[in-house]
Amino acid sequence: MASQQATAMTSIEESKPTVPLDAATVRFCGDSGDGMQLAGSQLTNTSALVGNDVATFPDFPAEIRAPRGTKAGVSGFQIHFASRKIFTPGDRVDALVAMNPAALITNLPDLVPGGVLIVDANAFEKRGLELAGCGSNPLEDGSLDGYQVFQVEVTKLTRAAVKEQGLSTKEADRCRNFFAMGLVFWLYDRPLEPTQRFIVEKFGRRPAVAEANRLALQAGYNYGITTEAFTSRFSVDPARLPPGKYRNITGNQALAWGLLAASKLSGCPLFYGTYPITPASDVLHELAKQKKFGVRTFQAEDEIAAITAAIGASFGGAMAVTGTSGPGLSLKTEAVGLAVMTELPLLILNVQRAGPSTGMPTKTEQADLNQALYGRHGECPLPVLAASSPADCFDVAIEAWRIAVRFMTPVLVLSDTYLANGSEPWRIPSTAGLDPIAVRHPEAAHDGEPFRPYVRDEWLARPWALPGTPGLMHRIGGLEKQDITGAVSYDPANHQHMVELRARKIANVARHAPPQRVEGPASGKLLVLGWGGTYGALATAVRRLWERGAPVAHAHLRYLYPLPANLGELLQRYDRVLVAELNLGQLRTRIRSEYLVDARGLNKVTGRPFTVGEVVDAIEKVLEEE
Amino acid sequence: MKTDAAPSAKKPSPNDYASGQDVRWCPGCGDYAILAQMKKTMASLGIPREKLVFVSGIGCSSRFPYYMNTYGIHSVHGRAPTVATGLKVVRPDLSVWVITGDGDGLSIGGNHLIHAIRRNLDINIVLFNNRIYGLTKGQYSPTSPLGKVTKSTPLGSIDNPLHILSVAIGCEGTFVARTIDVNTKHLGMVLQRAAEHRGTSFIEVYQNCVVFYDGAFEYATGRDTRDETTLELEHGKPMIFGKNRDKGIRLNGLEPEVVTLGNGITEDDLLVHDERAAEPSLAYLLSRMRQPEFPEPIGVFRAVDRPKYDELLNRQIDETIAAQGAGDLDRLFNSGDTWTVE
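Residues numbered from 1 in each chain as written. Chains lettered and ligands numbered in written order. Predicted model: local features only at pLDDT ≥ 70, side-chain atom pairs only at ≥ 80, totals over all residues.

(A) Quick peek at the overall build of chain A. Along its length, chain A carries 22 helices and 22 strands. Computed over the C-alpha atoms, the radius of gyration of chain A is 27 Å, within 12% of the 25 Å expected from 2.2 N^0.38 for a compact globule of 626 residues. Each principal axis of the C-alpha atoms in chain A carries an extent, and together these give about 90 × 65 × 45 Å. Buried residues in chain A amount to 54% of all 626 residues. Within chain A, contacts between residues separated by at least 24 positions form 77% of all contacts whose residues are at least 6 apart in sequence. (Helix = DSSP H or I, 4+ residues; strand = E, 2+ residues; numbered from the N terminus. Rg over C-alpha atoms; globule rule 2.2 N^0.38 Å. Buried ≥ 20, exposed ≤ 12 C-beta atoms within 10 Å, placed from the backbone. Contact = placed C-beta atoms within 7 Å.)

(B) Molecular detail of the sheet that holds strand β22 (residues 600-603) of chain A. Residue and element names in this part refer to chain A. As summarised here, the arrangement of the four strands in space is β19-β18-β21-β22, forming an open sheet in which the pairing is parallel. Only two strands of the sheet have a single neighbouring strand rather than two, namely β19 (552-557) and β22. Along the sheet, successive strands turn relative to each other by an average axial angle of 25 degrees, direction set aside. Both strand β18 (residues 524-531) and strand β21 (residues 574-581) contribute to a ladder of five bridges, which runs parallel. Along β21, the bridge assignment pairs G524 with Y574. Sitting on the sheet, helix α21 (residues 586-595) is in contact with β18, β21 and β22, with an inclination near 145 degrees to β21. (Pairing = 2+ DSSP bridges. Axes fitted to C-alpha atoms, helices over the stretch in contact; angles between N-to-C directions.)

(C) Quick peek at the packing of helix α8 (residues 176-187) of chain A against helix α10 (residues 207-226) of chain A. All names here are of chain A. α10 packs onto α8 with a crossing angle of 40 degrees between their chain directions and a minimal axis gap of 6 Å. In terms of axis orientation, α8 runs oblique to α10. As α8 runs across α10, the sense of the crossing is right-handed. In contact with F178, F179, A180, M181, G182, L183, F185, W186 and L187 of α8, α10 contributes N213, A216, L217, Q218, A219, G220, Y221, Y223, G224 and I225. Considered class by class, the residues forming the contact of α8 with α10 number 14 nonpolar, five polar and no charged. (Parallel < 35°, antiparallel > 145°, perpendicular 65-115°, else oblique. Left-handed = near helix turned anticlockwise from the far one by under 90°. Nonpolar A, V, L, I, M, F, W, Y, C, P; charged D, E, K, R; others polar.)

(D) Geometry of helix α11 (residues 251-266) of chain A. Residue and element names in this part refer to chain A. Between its first and last C-alpha atoms α11 spans 22 Å; for 16 residues at 1.5 Å apiece the expected length is 22 Å, and the two agree. Of all the 16 residues making up α11, 16 are buried; the element is thus mostly covered by neighbouring parts of the structure. Backbone geometry just after α11 places G267 at a positive phi near 75 degrees. (Expected span 1.5 Å × (residues − 1).)

(E) Highlighting the confidence of the model for chain A. With 97% of its residues at a pLDDT of 70 or more, chain A shows a mean pLDDT of 95. Confidence drops under pLDDT 50 across residues 1-13 of chain A; counting only partners more than four residues distant or on other chains, this segment forms 16 contacts. (pLDDT = per-residue confidence, 0-100.)

(F) Up close: the interface of chain A and chain B. Every contact between the two is made by 59 residues of chain A and, on the other side, 50 residues of chain B. Residue assignment for the side of chain A that touches chain B shows that the elements contributing at least two residues are α3 (36-49), β9 (244-250), α11, β10 (270-274), β11 (296-299), α13 (303-315), α14 (326-342) and β17 (475-477) of chain A. Per element, the largest residue contribution to the side of chain A that touches chain B is nine residues, and it comes from α13 of chain A. Across the side of chain A that touches chain B, the residue classes break down as 32 nonpolar, 17 polar and 10 charged. Pairing geometry for β17 of chain A and strand β2 (residues 71-74) of chain B, over three bridges, is parallel.

(G) Molecular detail of the sheet that holds strand β12 (residues 339-341) of chain B. In space, the three strands of this open sheet follow the order β16(A)-β9(A)-β12(B), with antiparallel pairing throughout. The sheet terminates laterally at β16 (423-427) of chain A together with β12 of chain B, the two strands that pair on one side only. Direction aside, neighbouring strands of the sheet carry axes that sit 40 degrees apart on average. Pairing of β9 of chain A with β16 of chain A involves five bridges; the strand directions are antiparallel. From the neighbouring strand, R247 of chain A faces β16 of chain A, where its bridge partner is W426 of chain A. Most of the contacts of α3 of chain A go to β9 of chain A, to which it runs at about 170 degrees, and overall it touches β9 and β16 of chain A together with β12 of chain B. Of the strands in this sheet, β9 and β16 of chain A touch α11 of chain A, which is tilted by about 115 degrees from β9 of chain A.

(H) View of the domain arrangement of chain A. Residues and elements named next belong to chain A. The domain architecture assigned to chain A consists of domain 1 (2-236), domain 2 (247-433) and domain 3 (524-624). On a C-alpha basis, the centroid separation for the pair domain 1 and domain 2 is 35 Å. Taken together, the 13 residues of domain 1 in the interface contact nine residues of domain 2. Elements represented by at least two residues in the side of domain 1 that touches domain 2 include exactly α3 and β3 (53-59). (Domains from an automatic or database assignment.)

(I) Fine view of the pairing of β10 of chain A. Residues and elements named next belong to chain A. Counting buried positions along β10 gives five out of five residues, so the element sits mostly inside the fold. What you see with β10 is no split at all: L270, Y272 and T274 on one side and F271 and G273 on the other are buried throughout. Pairing of β10 with strand β12 (residues 319-324) involves five bridges; the strand directions are parallel. The residue bridging T274 from the neighbouring strand is G323, located in β12. Of the pairings in the sheet, the one linking β10 to β11 comprises four bridges and is parallel in character. The partner of G273 across the bridge, within β11, is F298. Handedness of the β-α-β unit built from β10, helix α12 (residues 281-288) and β11 comes out right-handed. (Right-handed = clockwise from strand over helix to strand, strands pointing away.)

(J) View of the nonpolar core. Counting 266 residues, the largest nonpolar core has F271, I311, A397, V413 and V615 of chain A together with V55 of chain B as its most contacted members. Take this core: its biggest share by element is 11 residues, from helix α16 (residues 392-407) of chain A. Ignoring sequence-local partners within four residues, the contact set of A397 of chain A consists of L255, G258, L259, A262 and V413 of chain A. (Core = buried A, V, L, I, M, F, W, Y, C linked by C-beta atoms within 7 Å.)

(K) Examining unusual backbone geometry more closely. Cis geometry marks the peptide bond from T278 of chain A to P279 of chain A; its omega dihedral reads 0 degrees. Note that P279 of chain A resides in the loop between β10 and α12. Residue P562 of chain A is bonded to the preceding Y561 of chain A through a cis peptide linkage, with omega at -15 degrees. Tracing the backbone shows P562 of chain A in the loop between β20 (559-561) and α20 (567-571). Its identity is not glycine, yet R245 of chain B carries a phi of approximately 50 degrees, on the positive side.

(L) Region of the structure containing the pairing of β21 of chain A. Residues and elements named next belong to chain A. For β21, a buried count of six out of eight residues is recorded, marking the element as mostly surrounded by other parts of the structure. Alignment of β21 against β22, held across four bridges, turns out to be parallel. Within β22, the residue paired with A580 across the bridge is L602. Chirality of the crossover, the property in question, places the unit of β21, α21 and β22 among those that are right-handed.

(M) Just the environment of H77 of chain B, in detail. All names here are of chain B. The residue H77 is located in the loop between β2 and α2 (80-90) in this model. Taking the C-alpha atoms as reference points, H77 and I108, 31 residues apart in sequence, are found 6.8 Å from one another. Those residues in contact with H77 that sit more than four places away from it in its chain are G57, I58, D104 and I108.

(N) Focus on α13 of chain A. All names here are of chain A. The first and last C-alpha atoms of α13 sit 19 Å apart over 13 residues, in line with the 18 Å expected at 1.5 Å per residue. The buried fraction of α13 amounts to 13 of the 13 residues, a majority that puts the element mostly inside the structure. Note on α13: the residue one or two positions beyond its end, G317, has a positive phi of about 105 degrees.

This is how it looks when you write it as C-alpha cells:
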C-alpha cells in the first residue's frame with residue numbers, strides 16, 4: 001500500500017531518499033483538546049495495516065480539559081512500530097510532534113539526541129510561552145540545538161488548507177491534528193487511505209468537517225513532499241509475525257471480547273454490573289454496544305451494587321462479571337467475601353491505576369496486588385490472574401471464567417492502565433478453535449429429599465443449582481454453612497472444616513493450571529520474575545541481554561493465587577531472583593514468605609511503565625555482583 | 001402473579017413453603033406473623049416454590065429466607081435490592097422478594113432502596129419497620145422517634161426520623177403500601193396485591209420488636225386505640241376512620257385536616273382515595289399524615305403502571321437481535337481494519 005501511495009506522488013517526492021529503519025518510535029503531544037489520542041491511534045492502525053508490529057502508550061491527564069496550553073493539560077500518544085516482534089512502546093522517541101510549548105517542555109526529555117522534533121511554530125507566541133512557564137522561547141534560545149528541529153506553521157497552514165469549508169477559526173484549528181498526522185505519515189512513508197476511510201466513518205454526517213479533516217491530512221502530507229526542510233524520509237518494513245489474520249486491539253477491548261467469547265463458550269448469558277471508573281469504563285462501553293450477543297450491562301448506583309447485582313445474576317445462572325479499578329474494588333470487598341462464602345462463580349476485573357485513594361487515575365501501577373490477594377476479612381482465598389499484554393486480556397478473561405465455573409468461585413482478574421489503553425496486533429482466533437467451557441447445573445429432583453447445596457465434586461466444587469429448578473430449593477448466604485447440607489451452622493468443628501475446605505479448593509486451582517514456563521536458560525545465574533503488564537519491558541530487556549550473552553531467564557506469572565505448583569522448585573534453580581514490579585515489592589514479599597527465597601526487587605511507582613533501559617541496567621547490576 | 005410458570009396441579013398448602021429450619025426469632029416477635037402470612041399468600045396464589053426467591057440483607061428480618069422452602073440468598077448488609085436486581089434482570093421468570101428492615105434498608109442500604117424503586121424492577125420489597133436495631137441489641141434506627149433513649153442514645157436520639165413511604169413515593173414508586181404485623185387479614189391482602197403488581201412493590205410493615213422496642217406501634221394495634229389512630233385506605237372510597245366511623249380527612253387548601261362528620265360536613269366533603277392517580281401528590285400527602293395529629297394510613301397508597309427496568313433491558317436485547325440477528329463473534333472479531341500475514 002505504501003508503495004502505491006508513493007508512485008501516485010510527484011517526482012519531487014521521488015527525489016527525496018528514503019532511509020529504511022527496522023523500528024521507529026513517534027510521540028504526538030499537545031493540549032488535551034488537540035486530538036493527540038486520535039492522531040496516535042490513526043498512526044497505530046495504519047502501521048498495523050502495513051504489517052508492522054506495533055505497541056502503544058497513550059498518556060493523558062485525568063482532567064478532561066485542563067487549562068488550555070498549560071503543562072497540566074498535556075496529552076500524549078506514543079507508538080512504536082517495527083519490522084520485527086516488539087513488546088513495548090519504546091523507552092525514548094525518535095520523533096516528537098509538539099503542538100504547543102507546554103507539550104514541548106514536558107516531552108522533550110524523552111526525545112533521543114538528534115531526534116526529529118516537529119513543532120507548531122504558530123503556538124510559540126507570547127501567551128503560549130507564558131502558559132507553559134517558558135522564560136524564553138525554546139525555538140530561539142538554543143535549547144533545541146541537539147535535535148533536528150522542524151518549525152512548521154501548523155496552525156496557519158491548516159487554516160489555509162480548510163479555508164474553503166467555511167468553518168469557524170475554532171473548528172478549523174481542530175483539524176491541526178490531521179495536518180500533523182499527514183506530515184508524520186509522509187515522514188514514515190505511511191498510506192493515507194485508512195485515515196481517509198476513518199474520516200468518512202467518523203465525520204461523514206458533517207460533510208464540511210469531514211472534508212476539512214481530509215484536506216488538512218493531505219496538506220500535511222504534501223508539506224512533507226514539497227518543503228525543502230525535509231530532505232529525506234524513513235520507511236519501516238512489515239514485521240515477520242506468525243501467519244494469520246490480525247487486527248489492532250487495546251487491553252480493554254480484548255478484555256470485553258474475551259468476556260463475550262467466554263459467555264459463548266460456556267453458554268452462560270453475560271451480565272456485566274459496573275460503576276463508571278477510569279480506566280475500566282471502556283469495558284462497559286464496549287459491552288453495552290454488544291446487545292445482539294445477549295449481553296446485559298447494568299450501570300449500577302455504586303460499586304457495591306455493581307458486584308452484588310452480579311452475585312444475584314450468578315445465582316440466576318448468568319456469567320456474572322463486575323469490573324472496576326482499585327478504589328472501586330475497595331468498596332466491593334465485603335461482597336467479594338459473600339461470593340467466596342456462597343461459592344458462586346463470578347469475575348471481578350480490576351484495571352489497576354496509580355493509588356492509593358484517587359491517586360493518579362489515568363496512570364499505570366501494579367500496586368493492587370496485595371489488595372487482590374489479601375484485601376478481605378476472614379480466611380477468604382480466591383484465584384487471582386493477571387494479563388500480560390493488551391491481547392492477552394482476551395485469553396485471561398476466558399481462562400478466568402473457566403476456573404470460576406470449574407471451581408465455583410469468584411476469580412479476580414488484574415489488568416492495568418497501561419494494558420487497558422495500550423494496543424498491539426492481535427492474531428484473530430477462530431471461535432471454533434477455542435475450547436468450550438463445561439457448565440453443569442443439577443437437574444430437577446422429585447424425590448422429596450432436601451437438596452444438598454454443599455456437596456463437592458472431585459475438585460471440591462459445589463453444585464450450581466439454578467432457581468426455577470423443581471426440587472432443588474435451597475438458601476445460600478454469608479453465614480457459615482454446614483458441610484454438605486448448607487444449613488446455617490455455628491458448630492466450631494464445622495467452621496474449621498469449612499475454612500480449610502474452601503482453602504483446599506482454591507489451592508486445587510494450581511493443580512488445574514499449566515506449570516510456570518521460563519523464557520531463557522532453565523537454570524543459572526539469574527531469574528527475572530514479573531507479573532501482569534510488565535511482560536513487554538521485561539521480555540525485551542532479557543532479549544537484549546541475551547544478544548550480549550548474559551545468563552538471565554525470565555518467568556512471568558499469570559497465576560498470582562494460587563502460585564504455580566512448580567514455582568518453588570523453579571526458583572531454586574537460579575542463584576538469584578529479581579522480582580520486577582510497578583509497586584514497592586508486593587510480589588517479592590509474597591515470594592520471600594512463600595519460598596524462603598532471598599528475592600530482590602526492581603520497583604517503580606511513577607505512574608509509568610518500566611523502560612527497557614532501566615530493566616537492562618537493573619539486571620546488569622545484579623549480574624555484575626560477586 | 002409474577003411468575004410465568006403455571007401453578008402446580010395440586011393446590012399447595014402454606015406448610016409446603018416452610019423450610020423446616022428452626023425459626024429463631026424471639027418469642028412474640030412480629031416477624032412470625034409476617035412469615036405466616038407470606039406462606040399463606042404464596043399458597044393461595046399457587047406460586048411454585050421453585051419459582052420464588054427471597055433475598056435479604058442483614059438483621060433480624062433478613063433471616064426470613066432461611067425459613068421459606070424456596071430459593072433464597074441471605075446477602076450483605078443493605079444490599080438485598082441490588083442482588084435482587086441482578087437476579088431479576090437475568091431471570092425475569094422468577095418471583096423475587098426482598099426482605100429488609102429499617103436498619104438494613106434505610107440506613108446502610110438506603111441508596112440501593114431508592115434506586116431499585118426508581119428503576120421499577122418487577123420485584124417486591126417488604127420492609128419490616130420496628131424502629132430499632134434488634135440483631136445488634138437495641139441501638140436506635142433511622143425510624144426511631146426523636147428523643148428515643150437507647151444504648152447508643154442515652155440522652156435521647158437527636159436524628160430526625162425517616163418516613164420511608166414519603167421517600168418511596170418521591171422515587172415515584174409504582175406500588176407503595178403500609179400494613180401492620182398483627183393485622184393479619186390486612187397484611188395478607190397487601191402481600192397479595194404486591195405479588196400481583198407488575199413493577200417494584202414496596203411495603204412497609206409496622207412490626208413489633210418485643211425485646212428492644214415493645215409497643216412501638218401499640219397506638220396502631222391496641223384494640224382501644226387502633227380505630228382512632230389508623231386510616232384504612234380503600235380505592236375510590238372517602239377517607240373515614242374512627243371507632244364510630246364518624247371522622248374523616250378533608251382537604252383544606254393544600255393541607256389535610258381531620259373533621260368530624262355531621263354539623264353540615266358529609267362524606268361528600270371528604271378526600272376520596274385514588275391509588276391509581278397518575279400524579280403521586282395524594283399518595284405523598286397521605287404518607288405525611290402521622291400520629292398524633294392524624295391517623296396513619298394503612299393499605300395501598302399508590303398502584304400505577306410504569307415500564308419495568310428488567311423488561312426494558314431485555315427488550316433492548318430482543319429488539320436488537322430481531323433487527324440485526326444474533327451476534328456472531330467471528331464476524332465481530334474480523335470487523336473493521338484487519339490485515340493478513342502470509
